[in-house]
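# Residue-level structure breakdown
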Amino acid sequence: MKKETVQTLDDLARLANVSKSTVSRALNNSPLLSQETKERIQAIARKYHYRINAPARNLRMRQSHTIGFVAPDYSPEFLSVEDLFGQELLSGVGKGLQALGYDLLIIHVTPRDTTWASEYLDSGRVDGFVLVTSHLKPAQIQKLIELEVPFIGWGTPFPGLHYCSVSGDNFAGGRLATDRLIQIGRKRVAFLGGPEGNVTVQQRLRGYEDALHAAGIKVDPNLVIYTDYSYASGAAAMERLFDRSPDLDAVFVNSDLMAIAAIRVIQGRGRSVPGDVAVVGYDDLPIARYNSLPLTTVRQDLRLAGKLLAQNLIQYIQTGVVTNVVLPVSLVLRETA
């Protein structure tokens, strides 16, 4: 009978039925693994007299002090002229990493690529990743967890999945925006959301519905519409809302960029803002303040969010502690509602 030999991490991974990265972490007593997993792998290593090649280990375990920001697959295109949201979030992440002595690498990933995380980690180019998780599917996040990829997500965590995250309080934001529109006497309040399957959008919708129910106003499906976050899609969605419900008198829009597009459509139809149709946006990006008609909007501090994404990811890499932070939001009153 042929005797098993263990000369490499690959050999040990095969015997332990785990990934090579898991073996490496177990042998280096990483806090990212459970004590039971570490002890099992270390016992197999001792049984087969496996000895770590110190120079190779140092090369593998050398930290790059670089974090990868995975460009989200959304519209408008990430970091394009229209993508002020992405620019604000990325600025916060970059400043947060700089304060901790880390560099930032922007990574563009195609939606069907399933090997990108391993390729960047195994090559030593990055130590972990920042993701915009609301634009991913739960199965994609689950795969990263199974591969023990160090990452943190911007967006509400998917139910049942345990990973680091930072998010805004989207339910409260939807409630704040809709409450304001109801308080100024509006009865036909529309909801212009982002992608329908997006967890963030659904939380804002629940806040919108909750405010309507509290005011005794029935939710009208004709007043709810979904689109992406681009200027063009916001304008097109506002046109469709008018076609469905010409009597609408207010609209809660899920991004400032789309809200400005909606205002242009409202005015193009010969109606005034906020006289005939009141508008509330979301994010409080710089364009909300500098628009020709300053925008009432829900503020979430994206630069602070970026810094927390950086800090909490580095903390996770160093300690294995999973954190889920929800940032408060607030209503900024200007001229559109």
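Nothing here was measured: the structure is a model prediction, and the numbers come from that model.

With an omega dihedral of 5°, the bond running from Val273 to Pro274 counts as a cis peptide bond. Mapped onto the elements, Pro274 comes out in the loop between helix H11 (256–268) and strand E9 (278–283). With a phi angle near 60°, Glu148 is a residue other than glycine that sits in the positive phi range. The topology assignment puts Glu148 in the loop between helix H7 (138–146) and strand E4 (151–154). The residue Asp283 is not glycine, and still its phi comes out positive at about 115°. Inspection of the secondary structure puts Asp283 in strand E9.

Attention now goes to the sheet that holds E4. The 6 strands lie next to each other as E2-E1-E3-E4-E5-E11, forming an open sheet whose pairing is parallel. The sheet terminates laterally at strand E2 (103–108) and strand E11 (324–327), the two strands that pair on one side only. Within this sheet the neighbouring strands show an average axis-to-axis angle of 20°, counted without direction. Note: E4 against strand E5 (residues 164–168), 3 bridges, orientation parallel. Across the sheet, the residue bridging to Trp154 is Val166, located in E5. Here helix H5 (residues 84–99) sits on the sheet in contact with strand E1 (66–71), E2, strand E3 (128–132) and E4, set at roughly 145° to E2. Helix-sheet contacts for helix H13 (residues 302–319) involve E1, E3, E4, E5 and E11, and the interaxial angle to E4 is about 160°.

The pairing of E9 with strand E10 (residues 296–299) spans 4 bridges and is classified as parallel. When the bridges of E10 are listed, Asp283 appears paired with Arg299. Alignment of E10 against strand E12 (residues 330–332), held across 3 bridges, turns out to be antiparallel. Note that in E12 the partner of Val298 across the bridge is Leu331.

Where helix H8 (residues 170–183) contacts helix H9 (residues 199–214), the two axes come as close as 7 Å, and the packing angle between them is 40°. By the angle between their axes, H8 is oblique relative to H9. Here H8 runs over H9; the crossing is right-handed. In this structure, H8 contributes Asn170, Phe171, Gly174, Arg175, Thr178, Asp179 and Ile182 to the contact, and H9 contributes Thr200, Gln203, Arg204, Arg206, Gly207, Tyr208, Asp210, Ala211, Leu212 and Ala214. Of the residues contributing to the contact of H8 with H9, the split by class is 6 nonpolar, 6 polar and 5 charged.

Before going further, it helps to spend a moment on the confidence of the model for the protein chain. Residues with a pLDDT of 70 or more make up 94% of the protein chain, whose mean pLDDT is 89. Of the regions scoring below 50 in pLDDT, residues 54–61 engages in 7 contacts with residues more than four places distant in sequence or in other chains.

Time to look at a nonpolar patch on the surface. Residues Leu79, Leu104 and Ile106 make up a contiguous nonpolar surface patch of about 190 Å² in total accessible area. By the element assignment, Ile106 lies in strand E2. Assessed through its relative accessible area of 33%, Ile106 is described here as partly exposed.

What follows covers H13. Its 18 residues give H13 an end-to-end C-alpha distance of 25 Å, which sits within 8% of 26 Å, the value for a rise of 1.5 Å per residue. Among all positions of H13, only Leu302, Ala305, Gly306, Leu308, Leu309, Ala310, Asn312, Leu313, Ile314, Tyr316 and Ile317 are buried. Each element contacted by the buried residues of H13 is listed here: E1, H5, E3, E4, E5 and E11. The N-cap residue of H13 is Asp301: its side-chain oxygen and the backbone nitrogen of Arg303 are 3.4 Å apart. Note on H13: the residue one or two positions beyond its end, Gly320, has a positive phi of about 80°.

How each quantity is defined
Residues numbered from 1 in each chain as written. Predicted model: local features only at pLDDT ≥ 70, side-chain atom pairs only at ≥ 80, totals over all residues. Heavy atoms only, no water. Helix = DSSP H or I, 4+ residues; strand = E, 2+ residues; numbered from the N terminus. Pairing = 2+ DSSP bridges. Axes fitted to C-alpha atoms, helices over the stretch in contact; angles between N-to-C directions. Contact = heavy atoms within 4.5 Å. Parallel < 35°, antiparallel > 145°, perpendicular 65-115°, else oblique. Left-handed = near helix turned anticlockwise from the far one by under 90°. Nonpolar A, V, L, I, M, F, W, Y, C, P; charged D, E, K, R; others polar. pLDDT = per-residue confidence, 0-100. Patch = residues over 30% accessible without salt bridge, like charges linked within 9 Å, V, L, I, M, F, W, Y side chains within 5 Å. Areas by Shrake-Rupley, 256 points an atom, 1.4 Å probe, with all protein chains shown as cover. Salt bridge = Lys/Arg side-chain N within 4 Å of Asp/Glu carboxyl O. Buried < 20%, exposed > 50% of the residue type's maximum accessible area, 1.4 Å probe, protein only. Expected span 1.5 Å × (residues − 1). Polar contact = N/O pair within 3.5 Å; in protein donor to acceptor, adjacent residues only side chain to side chain.

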